[in-house]
Protein chains: 2
Amino acid sequence: MTTSDRSRGPRGRGIPDATVARLPVYLRALSTLADDGVTTVSSEELATAAGVNSAKLRKDLSYLGSYGTRGVGYDVDYLVYQISRELGLTQDWPVVIVGLGHLGHALANYGGFASRGFAIRALVDADPDLVGTEIAGTTVSPLADLEEQVRQHAVAIGVIATPAAVAQDIADRLVAAGVSSILNFAPIVLSVPSQVEVRKVDMSIELQILAFHEQRKLAPGGRVASELARDLAEAIGR
Amino acid sequence: MTTSDRSRGPRGRGIPDATVARLPVYLRALSTLADDGVTTVSSEELATAAGVNSAKLRKDLSYLGSYGTRGVGYDVDYLVYQISRELGLTQDWPVVIVGLGHLGHALANYGGFASRGFAIRALVDADPDLVGTEIAGTTVSPLADLEEQVRQHAVAIGVIATPAAVAQDIADRLVAAGVSSILNFAPIVLSVPSQVEVRKVDMSIELQILAFHEQRKLAPGGRVASELARDLAEAIGR
DNA sequence: CTCACTTTGTGCGTACGTTCACAAGCGCCT
DNA sequence: AGGCGCTTGTGAACGTACGCACAAAGTGAG
């Protein structure tokens, strides 16, 4: 969200953010297909597997180039390669995870990272009982070594899985040490320099969005109590 | 994404999805302010705290009604109440969590749920060693009891924190048992009836999006190797 | 070679989201 | 009471995204 230059490069290059956000989904669907031995796939099939409509899929892929064959479809392996390349997954990205509570543990043990080119190179936690223990093959470093770990492993991407109270401080230290992308699981809005990219994952927010839609469904006539209350308030109040 | 009726109700009612997604962020910022003893806040201040621009914030809030005072700002407590009501957080939402690996543990222990009206009423897992143990004050039920637990607690929202392989099966069972909103942490595209709302949280996808932007930054002249390669391929290939 | 069929890639209309900029409204000071 | 300064609420312009529908381009049969 920080960087969203659409018009870079000579020929109107630059892929829309919405498309970038879907590419990983396509990639996963393609990997599944490849595992099943499928070698060629049509936009219709792939779109179904990825849960989008086929026109959108084709338009998304067209931003990468013209990698399909009319009348046939897309070569699965080739498309996997092209999308991976576009996303920068043909190289390995060293990652540091800060905070190893249940969530940090889950992240450290999640196989989906390594298989996509993300290498968890360092784990950092403030808890002395945790420091020195090994999680998913990596030894936990003390918080004091954060900067050293980042520099030593040339970490570009940091994952914050700490309590909210210390998240901003961790973010500041990560940025100061050279990290330029942060995945933040703490429920606060981080403030970072504009060249640093932050993405937020917030489970509580997702639940609240579900609650909103759920509440909507409860109203048989299409209007829920809160709407009636609001109309009433408006009619009287102002 | 399933339900997106913008034009419900008599007077062009219906809040844009983009706005709904931001309301929980505002809510959190407001709660923090309230804890700090702040009673009134301007759109500018609140926007800064929420990490958005103030015009957007005001437009978002205007969808709920006219709850500010010109020349003054918004009353913090009143706005908290109005947003909570709009999101349906003035009632309690019973939730079931399926899958209690590290992620499920993290979710079950996360205090941010309970404080927002979400009550974790049931925990379900397939692992016999886990069944019967207590996590965050709730006893883990066997997978076979999934439907019974859902019905017994009138669960409307289900959280899937299982391995991808079983997620679709769990989703089917949740839906059959009456759940109408699902928060899915498994890295697959769930297929559910259209009236069921699904939101997806996928950490691997977020990392891949970061990698894309990170890769962009590496190119000093604004063009990365992959772009040059693509242009070349196009120039020759077709 | 030609024709029928399939599927991609994209131009275009529409809907949605964001931002600017300002009129309307409120409180305070004199 | 009146004027001044501040902040909201919103009309309007802009930019982005979506999805239809079709031309372009490929395959395979006869």
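Above this text you will find the structure in question.
What counts as what
Residues numbered from 1 in each chain as written. Chains lettered and ligands numbered in written order. Predicted model: local features only at pLDDT ≥ 70, side-chain atom pairs only at ≥ 80, totals over all residues. Heavy atoms only, no water. Helix = DSSP H or I, 4+ residues; strand = E, 2+ residues; numbered from the N terminus. Contact = heavy atoms within 4.5 Å. Near = heavy atom within 4 Å. Polar contact = N/O pair within 3.5 Å; in protein donor to acceptor, adjacent residues only side chain to side chain. Nonpolar A, V, L, I, M, F, W, Y, C, P; charged D, E, K, R; others polar. Core = buried A, V, L, I, M, F, W, Y, C linked by side-chain atoms within 4.5 Å. Buried < 20%, exposed > 50% of the residue type's maximum accessible area, 1.4 Å probe, protein only. Salt bridge = Lys/Arg side-chain N within 4 Å of Asp/Glu carboxyl O. Least-squares fit on C-alpha atoms with pLDDT ≥ 70 in both.

### Regarding the environment of A:Leu87
- Inspection of the secondary structure assignment puts A:Leu87 in helix 4 (residues 76–87).
- Residues A:Leu87 and A:Pro24, 63 residues apart in the sequence, show an inter-C-alpha distance of 8.1 Å.
- In this structure, A:Leu87 is in contact with A:Val20, A:Leu23, A:Pro24, A:Leu27, B:Gln208, B:Ala211, B:Phe212 and B:Gln215, ignoring residues within four places of it in sequence.

### Considerations on the protein's contact with DNA strand C
- Around DNA strand C, the structure places 27 residues, and the nearest of them are A:Ser43, A:Arg58, A:Tyr74, B:Arg22 and B:Arg70.
- Sugar plus phosphate, as a fraction of atoms of DNA strand C within 4 Å of the protein: 64%.
- In the environment of DNA strand C, a phosphate oxygen lies 3.0 Å from a nitrogen or oxygen atom belonging to the backbone of A:Gly68.
- For DNA strand C, a phosphate oxygen lies 3.4 Å from a polar atom in the side chain of B:Asn53.
- When contributions to the surface near DNA strand C are tallied by element, the ones reaching two or more residues are helix 3 (54–64), strand 2 (68–69) and strand 3 (73–75) of chain A together with helix 1 (17–35) and helix 3 (54–64) of chain B.
- The leading source of residues in the surface near DNA strand C is helix 3 of chain B, at 4 residues.
- Of the residues in the surface near DNA strand C, the class split is 7 nonpolar, 11 polar and 9 charged.

### A closer look at the nonpolar core
- In this structure, A:Ile83 and B:Ile83 are the most contacted members of the largest nonpolar core, which totals 105 residues.
- Apart from the residues lying within four places of it in its own chain, the contact partners of A:Ile83 are A:Leu23, A:Tyr26, A:Leu27, A:Leu30, A:Leu61 and A:Leu64.

### With respect to the pattern of salt bridges
Residues and elements named next belong to chain A.
- Evaluated as defined, the whole model comprises 10 salt bridges over all chains.
- For Lys 217, the salt bridge is made with Glu 214, and the minimal N-O distance between the two is 3.6 Å. Taken together, the residues span about one helical turn, with Lys 217 and Glu 214 both in helix 9 (residues 203–218) at a distance of 3 residues.
- You can call Lys 217 partly exposed: its relative accessible area is 31%.

### Here's the deal with the relation of the copies chain A and chain B
- Of the two same-sequence chains, chain A is brought onto chain B (RMSD 0.0 Å, axial shift 0.0 Å) by a rotation of 180 degrees. Given the turn and translation reported, the copies of this chain are related as if by a two-fold rotation axis.
- Both copies contact each other with a shared surface, as 100% of the interface residues of chain A are interface residues in chain B too.

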